[in-house]
Amino acid sequence: MACPMNCQVEEDPAYNKEVSLSVKLMQGNEAIALGAIAAGCRFYAGYPITPSTEVAEVMARELPKVGGKFIQMEDEIASMAAIIGGRVGGLKSMTATSGPGFSLMQENLGYAAMAEIPCVVVNVQRLGPSTGQPTAASQGDVMQARWGTHGDHPIIALSPISVAQSFDLTVKAFNLSEKYRTPVILLTDEIIGHMREPIELPDFRTVEKYEQAVTEPPETYKPYSNQTDVPPMAAFGRGYRYHITGLFHDEVGFPTQRLDEVEPWLERVNGKFERNTDDILLYQADYQPGARKAVLSYGASARTARHAVKQLRARGEKVNLFTAYTIWPFPEKAVEELADLVEQIIIAEMNLGQLALEVERVAGRRKVKRVTRANGEMITPDMVVAAAEA
Amino acid sequence: MSEHILEAHYLTKQEAQIPREDWFEASETLQHLRKNKKFPTIWCSGCGLGVIMGALIRAIDHLGLEKDQVALVAGIGCTARMPVYMDFNTLHTTHGRALAFATGLKIARPDMKVIAIMGDGDALAIGGNHFIHAARRNIGITALVVNNSIYGMTGGQYSPTTPVGMRATTAPYGNVEPPFPICDLAIAAGASYVARSTAFHALELDKYLSEAIANEGFSLVEAVSYCHTTYGRINKLGTAAEMMRSLKDNSVPKSSFDKLSPDEQQANTKIVRGVLQKKNRPEYTQIYDLLVQQQTHQEEIRLRNVGRH
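What counts, and where the lines are drawn
Residues numbered from 1 in each chain as written. Chains lettered and ligands numbered in written order. Predicted model: local features only at pLDDT ≥ 70, side-chain atom pairs only at ≥ 80, totals over all residues. Helix = DSSP H or I, 4+ residues; strand = E, 2+ residues; numbered from the N terminus. Expected span 1.5 Å × (residues − 1). Buried ≥ 20, exposed ≤ 12 C-beta atoms within 10 Å, placed from the backbone. Contact = placed C-beta atoms within 7 Å. Pairing = 2+ DSSP bridges. Axes fitted to C-alpha atoms, helices over the stretch in contact; angles between N-to-C directions. Domains from an automatic or database assignment. Nonpolar A, V, L, I, M, F, W, Y, C, P; charged D, E, K, R; others polar.

(A) Focus on helix 10 (residues 299-314) of chain A. Residue and element names in this part refer to chain A. Look at helix 10: 23 Å from first C-alpha to last across 16 residues, which is about the 22 Å you get at 1.5 Å a residue. Considered for burial, the residues of helix 10 that qualify are Gly299, Ala300, Ser301, Ala302, Arg303, Thr304, Ala305, Ala308, Val309 and Leu312. The first or second residue beyond helix 10 is Gly316, which carries a positive phi of 95 degrees.

Take a look at the structure:
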């Protein structure tokens, strides 16, 4: 195949075929970028911000190789807008940012939830508020991920605990966003994003990819049909000419204020995850019979929690360990079951108590003990052990 | 000249006799409107937006574009409600962000004609950053900015194009901020086609819009209009018809403007209508697609080397 740019790349017989296979050492942020490409992401729009910039750098380098497109927008507002536009045009799309940029994305994130445009937003959390500490880790955006945009809306947020899982959950984020026509937030943090771990990359061709399938002909197609949980989305320019708006809309997408049109939509959109929780809620329940205490955590803090539980168990104590990978929607049934099993749940998170509010809501305030830290330092296993022993 | 243009819009006797229910089939303009959308529009009677929508439809029709090939992207405001009535791929986005959404869409579908429809507040206040950067990239989007010098939908607040001294609900003692010259801004930022006309000169708008849409790079058409229900009322500028007429009386074609002496040009306060920029610059998505072709080719070779193909 002749290159239109007349490039002179020759086949190299000495190239080591073994190199590209096998295990690699990489950062969480790099794994996210590769996971996105493996999931079929072909458009990335972003704006540089610490500690997420590596995602953009890898996307800028790798996307053109697979026929994808990268653009560095003028700000995060534009980045979020552009990925929605890109997905409307038919390309699976992603952006990545951190605290301040995530704040700027909120309005258009709500637009994506309202207009049901699939997209993935990576938030590599750093210490806030405001500019905070750009290079320090935090889990301070948990509530913003849920309620950052105005109005009630559905949202999914996933939180990886390792480099390998950064890859896997990015793939999952894309598949969930396509399957449920929703923005999905990959809520990672500076520790997981910058940490290097070995990861065995799969053959991207074998990675499961969810694809929208519109079967209705254009004449009867309803982009917002309330007859099904998730009506498939037609891309622009393929014969389905319809209207997309951030206003309340009817089944064909036109703005409406009629209650008989608004209410079925509200019911469907805000209920679409509830009816599919088995598919969306990811967590690991590592329980011991007879345990009276449990440690619950997510993201980088879950690594601390694991370490602490290991120490406690080594001393012969029985402790349950719950690791949440899906943060939103909150896995309330599973946590409810956990609360029934134990007398106390210790939640460890790098903020002043955000997911703790959800755990307390489900388990009751008196059953929950918070181990929190919001100064840029990681929670240590000792802090968790001390809380369990107190 | 102007009277002649206006005359062309009168219905012919024959057209006037067509029964209302057959209008969609009989008129090429109406064929581009959505049959399943309720009319009339949300716009106040007498508004210039209907005329501008007609001009846009005629421009698209003149170019012979398929409806599926055209995407209309809009922000928020009276002007931004235009796409919902038109039978294309239509995306009504958030305030100020039409060009940012349009950028993503154009990158995903470089083959489509993407038109961003914005008001002056939408494009130049909240969306000013996206406006200059879209022009800088020379991405193949046509920006239609309807400039009525006011925020109409929210009830008449001053905008970045309200002239100094004019009143608005948020400038009760007269506006003290100098306005943005929209076309100059676009030219300075790198737009490859820039033209200005008014809601009165509808057929002139048709022409400029067709040229803008046909242009491969970033195009701006400023359609000067008016808002008689807010700006006109507050500043006592008369009825919609009177404001429409003032667009005729207070504008001058570029050809006439160019003949003026430098002093006269300096003193000119009339709206200058015409093509203000036409320049060949590489279009963003075409450049990027070349880069993609080159990189996919190199990747192909690399994969062959590692035995994946």
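(B) Here's a closer look at helix 4 (residues 49-62) of chain B. All names here are of chain B. In a regular helix each residue adds 1.5 Å, so 14 residues correspond to 20 Å; helix 4 covers 20 Å between its end C-alpha atoms and thus fits that length. Of all 14 residues in helix 4, 10 are buried, a share of seventy percent or more. Within helix 4, the full set of buried residues consists of Leu49, Ile52, Met53, Gly54, Ala55, Leu56, Ile57, Arg58, Ala59 and Ile60. Those residues of helix 4 hidden inside the fold are in contact with strand 1 (70-74), strand 4 (141-147), helix 9 (202-214) and strand 8 (219-224). Directly after helix 4, the chain includes Gly64, whose backbone phi takes a positive value near 70 degrees.

(C) Expanded view of the sheet that holds strand 4 of chain B. Spatial strand order, 10(A)-2(B)-1(B)-3(B)-4(B)-8(B)-7(B)-10(B)-9(B): nine strands in an open sheet with mixed pairing. The sheet is open, and its two edges are formed by strand 10 (243-245) of chain A together with strand 9 (251-253) of chain B, each paired on a single side. Averaged over all pairs of adjacent strands, the angle between their axes in this sheet comes to 20 degrees, without regard to strand direction. Both strand 1 of chain B and strand 3 (residues 113-119) of chain B contribute to a ladder of five bridges, which runs parallel. Bridge pairing in strand 3 of chain B links Val73(B) to Ala116(B).

(D) Molecular detail of the domain arrangement of chain A. All names here are of chain A. Splitting chain A by domain gives domain 1 (23-206) and domain 2 (282-389). Each of domain 1 and domain 2 has a C-alpha centre, and the two are 26 Å apart. Counting from both sides, the interface comprises 23 residues of domain 1 and, opposite them, 21 residues of domain 2. Per-element accounting of the side of domain 1 that touches domain 2 gives the leading share, four residues, to helix 5 (residues 142-147). A class-by-class count of the residues in the side of domain 1 that touches domain 2 yields 15 nonpolar, six polar and two charged.

(E) View of the sheet that holds strand 12 (residues 293-297) of chain A. Residues and elements named next belong to chain A. Taken together, the five strands give an open sheet; going across it, the order is 11-13-12-15-16, and neighbouring strands pair in mixed fashion. Of all the strands in the sheet, the pair left with one neighbour each is strand 11 (283-286) and strand 16 (368-372). Sheet twist, expressed as the average angle between the axes of neighbouring strands with direction ignored, equals 15 degrees. Looking at chain direction, strand 12 and strand 15 (residues 344-349) are connected through five bridges and run parallel. Each residue of the ladder has a partner; that of Leu296, found in strand 15, is Ile347. Along the sheet, helix 11 (residues 332-341) contacts strand 11, strand 12, strand 13 (319-324) and strand 15; its crossing angle with strand 13, the most-contacted strand, is approximately 170 degrees.

(F) Structural detail: the interface of chain A and chain B. Taken together, the contact between chain A and chain B spans 47 residues of the former and 46 residues of the latter. When residues of the side of chain A that touches chain B are traced back to their parent elements, those giving at least two are strand 2 (41-46), strand 3 (69-72), helix 3 (76-88), helix 4 (99-115) and strand 10 of chain A. Element by element, the count of residues in the side of chain A that touches chain B is highest for helix 3 of chain A, at nine residues. Looking at the side of chain A that touches chain B residue by residue, the classes come out as 26 nonpolar, 12 polar and nine charged.

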